[in-house]
Amino acid sequence: MARSPAMRRYNRDIVALSIAYAVLLIGAVLAFKHHLVSGPTSYVVAVLPALPIIGMFAAIGRLLANERDEYLRMLLVRQTLIATAFALSIATVWGFMESFEVVGHVESYYVAILWFGGLGVGSCANRLIDGRRA
(Lines give C-alpha, C1' and ligand atoms only; values in the text may rest on other atoms or scores of the structure.)
Protein backbone atom coordinates (compact mmCIF):
# COMPACT_ATOMS: atom_id res chain seq x y z
CA MET A 1 0.00 0.00 0.00
CA ALA A 2 1.38 3.41 -0.96
CA ARG A 3 1.89 5.89 1.85
CA SER A 4 -0.11 9.09 1.74
CA PRO A 5 1.69 12.43 1.42
CA ALA A 6 0.74 13.20 5.05
CA MET A 7 2.27 9.91 6.22
CA ARG A 8 5.45 10.49 4.21
CA ARG A 9 5.84 13.94 5.79
CA TYR A 10 5.15 12.48 9.24
CA ASN A 11 7.80 9.78 8.76
CA ARG A 12 10.36 12.32 7.55
CA ASP A 13 9.60 14.63 10.49
CA ILE A 14 9.80 11.80 13.05
CA VAL A 15 13.20 10.67 11.74
CA ALA A 16 14.56 14.24 11.90
CA LEU A 17 13.09 14.81 15.37
CA SER A 18 14.49 11.48 16.60
CA ILE A 19 17.97 12.46 15.46
CA ALA A 20 17.59 15.89 17.08
CA TYR A 21 16.43 14.22 20.31
CA ALA A 22 19.43 11.89 20.40
CA VAL A 23 21.89 14.72 19.74
CA LEU A 24 20.31 17.06 22.30
CA LEU A 25 19.96 14.37 24.96
CA ILE A 26 23.57 13.25 24.60
CA GLY A 27 24.70 16.87 24.61
CA ALA A 28 22.69 17.70 27.73
CA VAL A 29 23.87 14.61 29.58
CA LEU A 30 27.49 15.39 28.76
CA ALA A 31 27.09 19.08 29.64
CA PHE A 32 25.70 18.23 33.08
CA LYS A 33 28.08 15.33 33.66
CA HIS A 34 31.11 17.53 33.01
CA HIS A 35 29.63 20.55 34.86
CA LEU A 36 29.71 22.72 31.75
CA VAL A 37 26.46 24.53 32.57
CA SER A 38 25.13 26.32 35.61
CA GLY A 39 22.61 28.98 36.55
CA PRO A 40 19.97 29.99 34.02
CA THR A 41 21.81 28.18 31.21
CA SER A 42 21.23 24.88 33.00
CA TYR A 43 17.46 25.38 32.67
CA VAL A 44 17.78 25.92 28.93
CA VAL A 45 20.04 22.90 28.44
CA ALA A 46 17.74 20.71 30.58
CA VAL A 47 14.73 21.64 28.42
CA LEU A 48 16.43 21.11 25.05
CA PRO A 49 15.91 17.30 24.85
CA ALA A 50 12.19 17.80 25.52
CA LEU A 51 11.70 20.01 22.47
CA PRO A 52 11.98 17.22 19.83
CA ILE A 53 9.55 15.10 21.87
CA ILE A 54 7.09 18.00 21.84
CA GLY A 55 7.74 18.23 18.10
CA MET A 56 6.79 14.55 17.76
CA PHE A 57 3.46 15.24 19.45
CA ALA A 58 2.93 18.13 17.04
CA ALA A 59 3.85 15.89 14.08
CA ILE A 60 1.21 13.38 15.14
CA GLY A 61 -1.35 16.18 15.42
CA ARG A 62 -0.38 17.45 11.97
CA LEU A 63 -0.72 13.92 10.58
CA LEU A 64 -4.22 13.63 12.03
CA ALA A 65 -5.17 17.01 10.58
CA ASN A 66 -3.65 16.42 7.14
CA GLU A 67 -4.52 12.76 6.48
CA ARG A 68 -7.20 12.83 3.77
CA ASP A 69 -8.16 9.15 3.95
CA GLU A 70 -10.96 9.01 6.52
CA TYR A 71 -10.37 5.37 7.37
CA LEU A 72 -6.65 5.89 7.98
CA ARG A 73 -7.44 8.97 10.06
CA MET A 74 -9.91 6.94 12.15
CA LEU A 75 -7.22 4.29 12.77
CA LEU A 76 -4.77 7.01 13.83
CA VAL A 77 -7.31 8.60 16.16
CA ARG A 78 -8.10 5.25 17.76
CA GLN A 79 -4.38 4.49 18.11
CA THR A 80 -3.66 7.82 19.80
CA LEU A 81 -6.67 7.49 22.11
CA ILE A 82 -5.49 4.05 23.18
CA ALA A 83 -1.96 5.41 23.71
CA THR A 84 -3.33 8.25 25.82
CA ALA A 85 -5.50 5.95 27.94
CA PHE A 86 -2.59 3.53 28.36
CA ALA A 87 -0.07 6.17 29.48
CA LEU A 88 -2.45 8.11 31.71
CA SER A 89 -3.79 4.95 33.35
CA ILE A 90 -0.33 3.67 34.23
CA ALA A 91 0.80 7.14 35.38
CA THR A 92 -2.28 7.50 37.57
CA VAL A 93 -1.92 4.09 39.20
CA TRP A 94 1.81 4.64 39.74
CA GLY A 95 1.15 8.11 41.16
CA PHE A 96 -1.21 6.74 43.79
CA MET A 97 1.17 3.92 44.67
CA GLU A 98 3.99 6.46 44.95
CA SER A 99 1.85 8.69 47.16
CA PHE A 100 1.21 5.78 49.50
CA GLU A 101 4.94 4.95 49.40
CA VAL A 102 4.56 1.40 48.12
CA VAL A 103 6.73 2.06 45.05
CA GLY A 104 9.66 4.36 44.35
CA HIS A 105 9.65 7.62 42.45
CA VAL A 106 9.77 7.55 38.65
CA GLU A 107 10.71 10.64 36.65
CA SER A 108 7.68 12.20 34.96
CA TYR A 109 9.19 12.18 31.46
CA TYR A 110 8.56 8.44 31.43
CA VAL A 111 4.90 9.25 30.75
CA ALA A 112 5.91 10.23 27.20
CA ILE A 113 7.74 6.92 26.84
CA LEU A 114 4.60 5.11 28.04
CA TRP A 115 2.58 7.09 25.51
CA PHE A 116 4.84 6.13 22.63
CA GLY A 117 4.65 2.52 23.84
CA GLY A 118 0.88 2.95 23.92
CA LEU A 119 0.99 3.82 20.22
CA GLY A 120 2.28 0.28 19.72
CA VAL A 121 -0.55 -1.09 21.86
CA GLY A 122 -2.99 0.98 19.78
CA SER A 123 -1.50 -0.35 16.57
CA CYS A 124 -1.96 -3.93 17.82
CA ALA A 125 -5.53 -3.12 18.83
CA ASN A 126 -6.24 -1.74 15.35
CA ARG A 127 -4.93 -4.94 13.77
CA LEU A 128 -6.98 -7.14 16.13
CA ILE A 129 -10.15 -5.13 15.57
CA ASP A 130 -9.69 -5.00 11.81
CA GLY A 131 -8.83 -8.72 11.76
CA ARG A 132 -12.19 -9.55 13.29
CA ARG A 133 -13.98 -7.51 10.64
CA ALA A 134 -12.22 -9.21 7.72
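One structure accompanies this document, and this report is about it. Position labels on residues start from 1 in each chain and follow its written sequence. Given that this is a predicted model, residues contribute local features only at a pLDDT of at least 70 and side-chain atom pairs are listed and counted only at 80 or more, while totals for whole chains, interfaces and linings are drawn from all residues. Hydrogens and water are ignored here; the side-chain numbers use all heavy atoms of the structure.

Before going further, it helps to examine the overall build of the protein chain. Counting its regular elements, the protein chain contains five helices and zero strands. Secondary structure elements are taken from DSSP: a helix is a run of H or I of four residues or more, a strand is a run of E of two residues or more, and numbering for both begins at the N terminus. Going residue by residue from the N terminus, the α and β elements of the protein chain occur as α-α-α-α-α. Its C-alpha radius of gyration of 18 Å places the protein chain more than 25% over the 14 Å reference for a compact globule of 134 residues. Across its three principal directions, the C-alpha atoms of the protein chain cover 55 × 40 × 20 Å. For every residue, the accessible area (1.4 Å probe, protein chains only) is compared with the maximum for its type, and the residue is labelled buried under 20%, exposed over 50%, or partly exposed between those bounds. In the protein chain, buried positions account for 26% of the 134 residues. Two residues qualify as a contact provided that any one of their heavy atoms is within 4.5 Å of a heavy atom in the partner residue. In the protein chain, the proportion of contacts linking residues at least 24 apart, taken out of those at least 6 apart, comes to 72%. Surface exposure of the protein chain reaches about 9200 Å², of which carbon and sulfur atoms provide 69%. The charge count treats Lys and Arg as positive and Asp and Glu as negative. His and the chain ends do not count. For charged residues, the charge sits on one atom: NZ in Lys, CZ in Arg, CG in Asp, CD in Glu. The centroid of the 12 positive side-chain charges in the protein chain is displaced by 10 Å from the centroid of its 8 negative side-chain charges. Radius of gyration here is computed from C-alpha atoms only, and the compact-globule reference equals 2.2 Å multiplied by the residue count raised to the power 0.38. All accessible-area figures derive from a Shrake-Rupley calculation using a 1.4 Å probe, and residue coverage is judged against the displayed protein chains alone.

Okay, the layout of surface pockets next. In this approach a probe as big as a water molecule rolls over the atoms, and the regions it shows empty are the leftover space. Points on a 1 Å grid, built from protein atoms alone, make a cavity when a 1.4 Å probe fits but cannot get out and make a pocket when they are open with protein on both sides within 12 Å along at least 5 of 7 lines; residues with an atom within 4 Å of a point are the lining residues. Grid points are joined across faces, edges and corners, and a volume is the space filled by probe spheres set on the points. There is about 570 Å³ of room inside the largest pocket. Considering the residues around the largest pocket, the lining is formed by 22 residues, among which Arg-3, Met-7, Leu-72, Leu-76 and Gln-79 are closest to the centre. Elements that contribute at least two residues to the lining of the largest pocket include exactly helix 1 (5-33), helix 3 (50-66), helix 4 (70-99) and helix 5 (110-133). If one sorts the elements of the lining of the largest pocket by residue count, helix 4 sits on top with six residues. Following the grouping adopted for this structure description, the nonpolar residues are Ala, Val, Leu, Ile, Met, Phe, Trp, Tyr, Cys and Pro, the charged ones are Asp, Glu, Lys and Arg, and the polar ones are all others, Gly among them. For the lining of the largest pocket, the per-class residue count stands at twelve nonpolar, six polar and four charged.

For the purposes of this section, nonpolar cores are sets of buried Ala, Val, Leu, Ile, Met, Phe, Trp, Tyr and Cys residues that join through side-chain atoms within 4.5 Å. Grouped together as the largest cluster of nonpolar side chains are 15 residues, with contacts concentrated most on Tyr-10, Leu-63 and Trp-115. The set of elements that each furnish at least two residues to this core consists of helix 1, helix 3, helix 4 and helix 5. Those residues in contact with Tyr-10, other than ones at most four positions away along the chain, are Ala-59, Ile-60 and Leu-63.

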